[in-house]
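Overview (structure and organization)
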Amino acid sequence: MPTLRRHFVTTAAPPPETARYAHAVEAGGLLHVTGQLPIDPEDPQAPLPATIEAQTERVFQNLQRILNAAGYRLGDTVFARVYLANFARDYAGLNAVYHQHFREDRHLPARTTVGVAALGRDALVEIDLVVAKA
């Protein structure tokens, strides 16, 4: 059984009172990052950004905080899972921001994008990652 290391990142958005989880868990050389919503870590109760582009950018900022704290890089992402509350409307806007963070083909992770009925806080997007140390 691999050693597990749980990361609780004080600079990341805290879990809601109704849920308990680590921001990330390291196991077998991989970091599994909990799905991130577009919540402002400095003001978790603040309204979410209005557009899919702004929400996606905030999600990437939140993911980056967790990766930095755990000693990983976004460019080492193995797999990204994306959840969209309105797939048809928001897929192109999501991709416009997503591809700014994964610019080079050699850094593109495997990816699944799914439409869901709803996300926490009525967010438009949530993303979780699996990252490996280079």
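To start, this report covers the structure provided alongside it. Owing to the predicted nature of the structure, the values given are computational and were not obtained by experimental measurement.

A short note on the environment of Q55
With respect to the element layout, Q55 can be found in helix α1 (residues 52-70). With relative accessibility at 3%, the residue Q55 sits in the buried group. When the C-alpha positions of Q55 and A110 are compared, they lie 21 Å apart, and in sequence the two are 55 residues distant. Setting aside residues no more than four positions away along its own chain, Q55 makes contact with P38, L48, P49, A123, L124 and V125.

With respect to the packing of aromatic side chains
What the rule picks out here adds up to four aromatic pairs. Ring geometry for F60 and F102: centres 6.0 Å apart, planes at 70°, overall edge-to-face. In this pair, F60 is assigned in helix α1 and F102 in the loop between α2 (87-101) and β5 (110-115), connecting sequence segments 42 residues apart. Judged by its relative accessible area of 2%, F60 is buried. Geometrically, the ring pair formed by F87 and Y91 is stacked, given 4.9 Å between the ring centres and 20° between the ring planes. Of this pair, F87 and Y91 both sit in helix α2, separated by four residues, roughly a single helical turn. For F87, a relative accessible area of 34% corresponds to the partly exposed category.

With respect to unusual backbone geometry
Here the phi dihedral of R121 falls at roughly 60°; this positive angle occurs in a residue that is not glycine. Checked against the element boundaries, R121 lands in the loop between β5 and β6 (125-132). A relative accessible area of 38% means that R121 is categorised as partly exposed. A positive phi angle, near 60°, is found at D122, a position not held by glycine. Summarising the element assignment, D122 is placed in the loop between β5 and β6. Relative accessible area serves as the criterion here: at 68%, D122 is assigned to the exposed category.

Some points on α2
Between the first and last C-alpha of α2 there are 20 Å, a value that for 15 residues agrees with the 21 Å anticipated at 1.5 Å per step. Residues D90, G93, L94, N95, V97 and Y98 constitute the buried set of α2. Contacts made by the buried residues of α2 are with α1, β4 (77-84), β5 and β6.

Considering the side chain of H7
Counting through the fold element by element, H7 comes out in strand β1 (residues 4-7). By relative accessible area, H7 is classed as buried at 6%. Of note is the side chain of H7, whose polar atom sits 3.0 Å from the side chain of E26. Beyond its immediate chain neighbours, meaning those up to four positions away, H7 contacts A22, H23, A24, E26, L31 and A70.

Points about the packing of α1 against α2
Packed helix pairs are characterised by how far apart their axes lie and by the angle those axes make with each other. Contact geometry for α1 and α2: axes closest at 8 Å, N-to-C directions at 35°. As α1 runs across α2, the sense of the crossing is right-handed. Two secondary-structure elements touch here, α1 through I52, E53, T56, E57 and F60 and α2 through D90, G93, L94, V97, Y98, Q100 and H101.

The rules behind the values
Residues numbered from 1 in each chain as written. Predicted model: local features only at pLDDT ≥ 70, side-chain atom pairs only at ≥ 80, totals over all residues. Heavy atoms only, no water. Helix = DSSP H or I, 4+ residues; strand = E, 2+ residues; numbered from the N terminus. Buried < 20%, exposed > 50% of the residue type's maximum accessible area, 1.4 Å probe, protein only. Contact = heavy atoms within 4.5 Å. Phe/Tyr/Trp six-rings, centres within 6.5 Å; stacked < 30°, edge-to-face > 60°. Expected span 1.5 Å × (residues − 1). Polar contact = N/O pair within 3.5 Å; in protein donor to acceptor, adjacent residues only side chain to side chain. Axes fitted to C-alpha atoms, helices over the stretch in contact; angles between N-to-C directions. Left-handed = near helix turned anticlockwise from the far one by under 90°.

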